[in-house]
Amino acid sequence: MATFIFALLLPAFAAAALSPSDTDACNPDKMTVYKMVLHTYWTREKFPKHYPEWRPPAQWSKIYGVSHNRSHVLFRLGRRVSPQVRQFAETGRSDALGSGPGTLDVFGAPPVSQGAGRTEAQFFVDGNHSRVSVMARMVPSPDWFIGVDSFDLCVDGNWLDSITIEVDPLDAGTDNGFSFTAPNWTTAPQGVAYRITSKYPSHPAGSFFYPHLRRLPPIATFQFIKLREYELTEVFHRTSDDKKYDVLQLDKMSHNNIDVLDGNRALSVAEEVERAEQAPRIYVDGALTTPDGAYSYYTIVNSSSTTEEPRSANELPTSGPTASERSALRSLARRARARRRRKLRADNTDPAERRRRKRTRLLSCRVSDWSEWSACRSDGGCVGSAMRTRRIIRRQRPGGAPCPPTAQSRWCATNCTAHSDEDWRNNLT
């Protein structure tokens, strides 16, 4: 994707952030890592008026940033800033900001110790939290800062590869000072945040008042660079399952393996499995009796008897079947054989290949459906894992396919705002 460079028009971005059209959202199952790079250009050559050179010299505070959804607002031009943002704009303290509803990742970057410099940080976004807001205080200043408000890194369903945003100085609306070193004159009642331009505020004492200029030179740029994407739904097998699979593979290659039915023993095994799978289920008084455990037969109750209760599938029969029961069993067997013949006639493959596939299917391992994904678990970091399992219904018989893995895991994001900056960001691979 091409790299975009454009001038930041914060009122336009504020209106875009409030618009309800988020039609092409990015995939919520993908978590993307971005790098934020702040370049500052506050020099005497570009801003000669009142340029601070001592007590303190021109510099920038540490950077505070957050990735969030559309409901979260760090600051918004034309609105009053929160007490936490006011504290940051006036003193540079960000300890009260932290995380809040709708946030995914809170990040910070080191301060810039001079007017012109560079600093950077990394942060996470995902399809549900695709916006980023960031701010840095100008030092010295009454309540001035630079920042980006709710910029959406997802465009037309795709993550931007790289984008550079030019920014102007902003006033938090909490202090009446016009110059960098003005004393603390609290604005009462508190005003709204606004963008400082070459002609506004229109006061000759203003440090950014350059009426001969059409607009101020860019004082800084925020650059957002996509580093990598994580597929949250990427599924991988557990190590323990891989070990079990290896054992089954070795057993398949051992001397106990057979390629053809081994006389009456293998034939009886195949027929037992075939009966368990293909014989129809029989309903008795609205209840369904099914095979269970090691006994593969179906309970049949004489409809003329009203006192006899259905026998449990695990209960051994105490006497042989009656004439009527034998007749019903023969009828079921004839129907099953007729279905098999019709299926074989419809299959145009080689008879030997059909028999081989049939033996493999009857002797292969069977597993249940997957369970639901568990809750996301982590060891305190931002990236965790969720797990799902399934159980083995029938073990592998000689000549059949081995059992597949019975547990799977996938990446997930959790608790991204609760950990410090120096743990996971320094270990990304």
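Residues numbered from 1 in each chain as written. Predicted model: local features only at pLDDT ≥ 70, side-chain atom pairs only at ≥ 80, totals over all residues. Heavy atoms only, no water.

- You'll find the protein entered in an unreviewed UniProt entry as Spondin domain-containing protein, with Bombyx mori given as the organism.

Some points on the overall build of the protein
And then number 1: Along the backbone of the protein there are six helices and 21 strands.
And then number 2: If you sum the accessible surface of the protein, you get close to 23,700 Å²; carbon and sulfur atoms cover 51% of it. (Helix = DSSP H or I, 4+ residues; strand = E, 2+ residues; numbered from the N terminus. Areas by Shrake-Rupley, 256 points an atom, 1.4 Å probe, with all protein chains shown as cover.)

What about the confidence of the model for the protein?
And then number 1: Counting all residues, the mean pLDDT for the protein is 75, and 67% of those residues have values of 70 or more.
And then number 2: The low-confidence segment residues 239-263 (pLDDT under 50) makes 19 contacts with residues lying over four places distant or belonging to another chain.
And then number 3: Between residues 279-318, whose pLDDT stays under 50, and residues either more than four places distant or in other chains, the model counts 52 contacts. (pLDDT = per-residue confidence, 0-100. Contact = heavy atoms within 4.5 Å.)

Quick notes on helix 6 (residues 351-363)
And then number 1: When the terminal C-alpha atoms of helix 6 are compared, their 18 Å separation across 13 residues agrees well with the 18 Å that a helix rising 1.5 Å per residue should span.
And then number 2: Taken together, the buried positions of helix 6 are Arg354, Leu362 and Leu363. Projected down its long axis, helix 6 shows its buried positions confined to an angular sector of 150°, all on one face. (Expected span 1.5 Å × (residues − 1). Buried < 20%, exposed > 50% of the residue type's maximum accessible area, 1.4 Å probe, protein only. Arc of directions from axis to C-beta.)

Points about the nonpolar core
And then number 1: Residues Met36, Leu153 and Phe224 are the most contacted members of the largest nonpolar core, which totals 40 residues.
And then number 2: Looking at this core, the elements with two or more residues in it are strand 2 (30-41), strand 5 (103-109), strand 6 (116-126), strand 7 (131-139), strand 8 (144-152), strand 11 (162-167) and strand 14 (220-231).
And then number 3: The next biggest cluster of nonpolar side chains, apart from the first, holds 16 residues, and it includes Phe75, Val85, Val106 and Ala193. (Core = buried A, V, L, I, M, F, W, Y, C linked by side-chain atoms within 4.5 Å.)

Describing a positive patch on the surface
And then number 1: A cluster of basic side chains, namely Arg326, Arg330, Arg334, Arg335, Arg337, Arg339, Arg341 and Arg342, defines a positive patch on the protein surface.
And then number 2: By secondary structure assignment, the location of Arg330 is in helix 5 (residues 323-346). (Patch = residues over 30% accessible without salt bridge, like charges linked within 9 Å, V, L, I, M, F, W, Y side chains within 5 Å. Salt bridge = Lys/Arg side-chain N within 4 Å of Asp/Glu carboxyl O. Lys, Arg positive; Asp, Glu negative; His and termini not counted. Charge placed at Lys NZ, Arg CZ, Asp CG, Glu CD.)

Concerning the pairing of strand 8
And then number 1: When you tally the buried positions in strand 8, you get nine out of nine residues, the bulk of the element.
And then number 2: Where strand 7 meets strand 8, six bridges bridge the pair, whose relative direction is antiparallel. Counterpart to Val132 in the pairing with strand 8 is Phe151.
And then number 3: The turn linking strand 7 back onto strand 8 is made up of four residues.
And then number 4: Pairing analysis gives two bridges linking strand 8 to strand 12 (residues 170-171), with the strands arranged antiparallel. (Pairing = 2+ DSSP bridges.)

Some remarks on unusual backbone geometry
And then number 1: Following Arg55, the chain continues to Pro56 via a peptide bond in cis, the omega torsion being -15°.
And then number 2: Of note, Pro56 is situated in the loop between strand 2 and strand 3 (59-60).
And then number 3: For His50, which is not a glycine, the phi torsion comes out positive at approximately 60°.
And then number 4: Following the sequence through the fold, His50 ends up in the loop between strand 2 and strand 3.
And then number 5: Assessed through its relative accessible area of 41%, His50 is described here as partly exposed.
And then number 6: Even without being a glycine, Asp156 presents a positive backbone phi close to 55°.
And then number 7: Relative to the helices and strands, Asp156 is located in the loop between strand 9 (154-155) and strand 10 (158-159).
And then number 8: Residue classification places Asp156 among the exposed positions, given a relative accessible area of 59%.

Section: the packing of aromatic side chains
And then number 1: This structure, assessed with the given rule, holds 14 aromatic pairs.
And then number 2: Ring centres 5.1 Å apart and planes at 50° place the aromatic pair Trp42 and Phe180 in the tilted group. With a gap of 138 residues between them, Trp42 in the loop between strand 2 and strand 3 and Phe180 in the loop between strand 12 and strand 13 (194-195) connect regions that are remote in the sequence. Accessibility classification places Trp42 together with Phe180 in one group, the buried group.
And then number 3: Seen in terms of ring centroids, Phe180 and Phe208 are 5.3 Å apart; in terms of plane orientation they differ by 85°. Their pairing is edge-to-face. Of this pair, Phe180 sits in the loop between strand 12 and strand 13 while Phe208 is found in the loop between strand 13 and strand 14, placing the two residues 28 residues apart along the sequence.
And then number 4: Judged by relative accessible area, which is 3%, Phe208 ranks as buried.
And then number 5: Counting every residue linked through ring pairs, the aromatic cluster contains Trp42, Phe47, Tyr51, Trp60, Trp144, Phe180 and Phe208. (Phe/Tyr/Trp six-rings, centres within 6.5 Å; stacked < 30°, edge-to-face > 60°.)

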